[in-house]
Amino acid sequence: MRQAAFYALMKHDFCWKAAPWMTIAVAVLAALRPTGMMEVLFIVIAAVVYGRGNFHAERFVGALPVEGREIFLAQLFSVMFLIGAPAAAAAAIAPGLPYLKIAGACLLMYLAPYSIRTERFAAPKWLRQMVIVLGILLFIAVNISILPLTVTLAMMIPALFFKVWTTVPKSFQLAARNPPGRFVGMKPFTNGQWTLQLVRWPFLRFVVLGWHLILVIPFLFVLGMGAWQWTLFFLFSMSMTFVAWSKFEESAMLLRTLPIPSRTILLTILLPMLAAVAAGYYAGVWPDFPPLRMQIVTITILAGATIVGTLVPATMRWRRVRFVAPLFLAPALTILWRGFRGLPPFPDTNVTGTLLRISRPVPEGVLLVIAAAVLTLLFLALEKVFAESEYAKNPETPARFWRSAE
Amino acid sequence: MIPVLEWLDVYRSFQRGVPVLNGVSISIAEGEVVGLLGRNGAGKTTLINIAMGMLFPERGSVRLFGLSPMEEPVAVKKRVGYVSEDQIIPSFPTIGEILALHRSLFPQWDESMERDLLDRFSLSLRSRIQFLSKGQARQVALLCAVCHRPELLILDEPAGGLDPAARREFLETSVRLLNREGTTILFSSHNMTDVERIASRVVLLDAGKVRLDRQLDNIREGTCMAIIPRASAPDPGVIAGMPGCLRVREAFDEWHVVVEGSRDSVQERLTAVLGHNGIRCVALPLEELFIEFLGGDRL
Amino acid sequence: MQIVINPSDELPLYRQIMRQIVESIAGGRLKSGDKLASHRELSEQLVIAPLTVKKAYDELEALGYIETQRGRGTFVCHRLPRVNRADQRDQIQLAAMKLLSQAYLAGLRLSEVTAILKDADREITGGARKDKESA
């Protein structure tokens, strides 16, 4: 174990670099005494840890003169710093929340997938993507304290650490030491999606059943159920939709070269999402169904929001309407702010009520037609944007507006 | 003299019973420039990954400078530079940050070489990796691999997907390294012209085995291809049995035979044995050699 | 002088270099005492392995065309190897017959062949022997 190598690796780690910024951001928020503090901390840290990517090492690191243990420790310390510093800052400024438990839970969320298949360069891809589910489960456990969390953490963290420490190899491997009987893919770093072997239609399987899309469906379901009032959840689901759409676009790149109408491609991703939201709504209001009018209005709003949620990231690929996406940044930040204050996303949560009042004179049949028209228009807008999108290797995204590339 | 890089009877498979490397033994001495050739999927990348300690050989062993890359990765990798076609440099950091990481890990980092190459490739330290083109990212990888003055440079299709100018620059940097340090170079490539330019030795890998392992000049001067019409020699066994015959392959209605010896002497020999029946002897450029040894029967 | 190499040529690279250097010496473009590029310079210029250049130079040195002076560089010998003129003349006679038969089969006349020979002379000497007697 060499100190210089360890420090070099740690400084190079993304988590280490992000930690100061996170600490400042969390400290500022804590000073404003928001009520949604715990969720903020957890979601932000979880997202960074998850977004960190590979739980082990990149192949780039594999070519460097470092040992596996050095890499593991450097990563672990970076992540601990990323989790610990903001938690400590928040605890100092706004005491009274189980920061230690949150930090411990995040650490567990990092160690658990790491401890699987330590010999290889990366944990299985499906597992890395499942970490977000693990995070949610842990979050619920922290919130409702069903586990004796402290004890669990105190036992599991050292145990997992010990397991990884003893099994991590000196030099990470690309494949298993002894080949299995069944063929295992040799390339752990392709962007291919692991797909379920259920659906027959190949292109459906290709597009719809990627893990990112499967994850967004339950979120939309819960959103429809009424969780949209829970601001941070609302924002998080929208972000997931954003990500899901971006990933979908990557898979769609191939499909566009095939003789499939683009409308069909679009519908294959949109329909499951709309169905999830609608199903969530009905699951939420069951068994007392509100009047039909109310149903129409609410479903239109929910469905419309979902389509807009895919429309916004889609506009980033069409140069002419590139300006649209940054416009949404201000309202998004406002909603985020409201979330910290413990308020629902929209000032007048009675949007539904307002719309109902406006639509009272209109008979239900006409209302249905209007709703369908609105949704169709939104869909056509999406279709147009989808048709115009470009696939430059580094598309000029709005983020470049305030960063100049060399 | 310990060989710089040595594979000893390496066997490796990814699916039980289907070997990708089936008993490969190659030994590379100091200062050699070895071109590793083979069809896609022949096992070149696997062989190189085993040398870099990224794969465990099921049977056999690999040694760099006499050390095992899996047991002593630090000691080995300090003296090795590695560039691969699909090496993934993390996209978020800037070039400067990546170089800083390397500088701190390799004590023998040569700053003047770094500056010189950055200048030559027109790279800026502040560019982020994700915004570089493929050629530029590969240049960064090359920079990282050569600036610590490695004794051994391992290149896994380094010029794959690069335009001719970028490929030439890559070669130039390699030649400069050869001149300055006398680095041993192992590179796998599909570009025969590049191989012919700088390789001193060529190893052909096919279906997990070494088919040919010769000095390049020996191939040029000491082998040729005889084209024999089928009618003259209906039985390939006769030809294959002749001394110096390396390979017989069926092509349309002729036999393509790779034979050791100069063109004129081979022509004489074959004519003596088979008669004056339209036998031609032609020179064997590397690309043709590749196809003769590794092409399927359909070619 | 500018050396040009072709990696795909059937002649090995070192022989291509040797041939061009010998041609230059023969044509007078390289005179006795002229300095040749070092291994490093030539290999970097042509983008080939330095060992190849070294091999070429070693062979030329063994044949007596060039010599290496330590610390000073590689130079064309002052006293070039004496070739047996009679042998060479026979070989050239054979080559000439081969050349003429090929030309006549292609339908060329002697005057055209002579013009071709003059062109070749110009290329090898680079015009350096303008003042010497013509064919």
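The rules behind the values
- Residues numbered from 1 in each chain as written.
- Chains lettered and ligands numbered in written order.
- Predicted model: local features only at pLDDT ≥ 70, side-chain atom pairs only at ≥ 80, totals over all residues.
- Contact = placed C-beta atoms within 7 Å.
- Helix = DSSP H or I, 4+ residues; strand = E, 2+ residues; numbered from the N terminus.
- Nonpolar A, V, L, I, M, F, W, Y, C, P; charged D, E, K, R; others polar.
- pLDDT = per-residue confidence, 0-100.
- Expected span 1.5 Å × (residues − 1).
- Buried ≥ 20, exposed ≤ 12 C-beta atoms within 10 Å, placed from the backbone.
- Pairing = 2+ DSSP bridges.
- Axes fitted to C-alpha atoms, helices over the stretch in contact; angles between N-to-C directions.

Caption draft 1: Highlighting the interface of chain A and chain B. Each side of the interface is counted separately: chain A has 31 residues, and chain B has 32 residues. Elements that contribute at least two residues to the side of chain A that touches chain B include exactly helix 1 (3-12) and helix 4 (59-62) of chain A. Considering only residue class, the side of chain A that touches chain B consists of 18 nonpolar, seven polar and six charged.

Caption draft 2: Structural detail: the confidence of the model for chain A. Residue and element names in this part refer to chain A. Averaged over all residues, the pLDDT of chain A is 76; the fraction at 70 or higher stands at 75%. By mean pLDDT, helix 9 (residues 202-208) is the weakest element of chain A at 60, and helix 17 (residues 364-388) is the strongest at 88. Under a pLDDT of 50 for its full length, residues 183-200 has, in the predicted model, 22 contacts with residues more than four places off or in other chains.

Caption draft 3: Region of interest: helix 5 (residues 134-146) of chain B. Residues and elements named next belong to chain B. Helix length check: helix 5 (13 residues) gives 18 Å between terminal C-alpha atoms against 18 Å at 1.5 Å per residue, within 8%. By the burial criterion, the buried members of helix 5 are Arg138, Gln139, Val140, Ala141, Leu142, Leu143, Cys144, Ala145 and Val146. In this structure, the buried side of helix 5 is in contact with strand 5 (80-84), helix 3 (95-105), helix 4 (111-121), strand 6 (152-156) and helix 6 (164-181).

Caption draft 4: Geometry of the sheet that holds strand 11 (residues 245-251) of chain B. Residue and element names in this part refer to chain B. Taken together, the four strands give an open sheet; going across it, the order is 11-12-10-13, and neighbouring strands pair in antiparallel fashion. Two strands lie at the open edges of the sheet, namely strand 11 and strand 13 (280-282), each paired on one side alone. Pairwise comparison of adjacent strand axes, ignoring direction, gives a mean angle of 25° for this sheet. Pairing between strand 11 and strand 12 (residues 254-260): six bridges, direction antiparallel. Within strand 12, the residue paired with Arg249 across the bridge is His256.

Caption draft 5: Main features of unusual backbone geometry. All names here are of chain B. Unusually for a residue other than glycine, Ser122 sits at a positive phi of about 55°. For Ser122, the location among the structural elements is in the loop between helix 4 and helix 5. Exposure remark for Ser122: the 8 C-beta atoms within 10 Å place this residue in the exposed category. Phi at Ala207 is positive, roughly 50°, even though this residue is not glycine. Here Ala207 falls in the partly exposed class, since 15 other C-beta atoms lie within 10 Å of it.

Caption draft 6: Structural detail: the sheet that holds strand 1 (residues 35-36) of chain C. Residues and elements named next belong to chain C. As summarised here, the arrangement of the three strands in space is 1-3-2, forming an open sheet in which the pairing is antiparallel. Only two strands of the sheet have a single neighbouring strand rather than two, namely strand 1 and strand 2 (66-69). Across four bridges, the pairing between strand 2 and strand 3 (residues 73-76) is antiparallel. For Gln69, the partnering residue across the bridge sits in strand 3 and is Gly73. Packed on one face of the sheet, helix 3 (residues 50-63) meets strand 2 and strand 3 and runs near 110° to strand 2.

Caption draft 7: Layout of the interface of chain B and chain C. Counting from both sides, the interface comprises 18 residues of chain B and, opposite them, 13 residues of chain C. Elements with a minimum of two residues in the side of chain B that touches chain C: helix 6, helix 7 (192-198) and helix 8 (216-222) of chain B. For the side of chain B that touches chain C, the element with the most residues is helix 6 of chain B, which contributes seven residues. Split into classes, the residues belonging to the side of chain B that touches chain C amount to seven nonpolar, three polar and eight charged.

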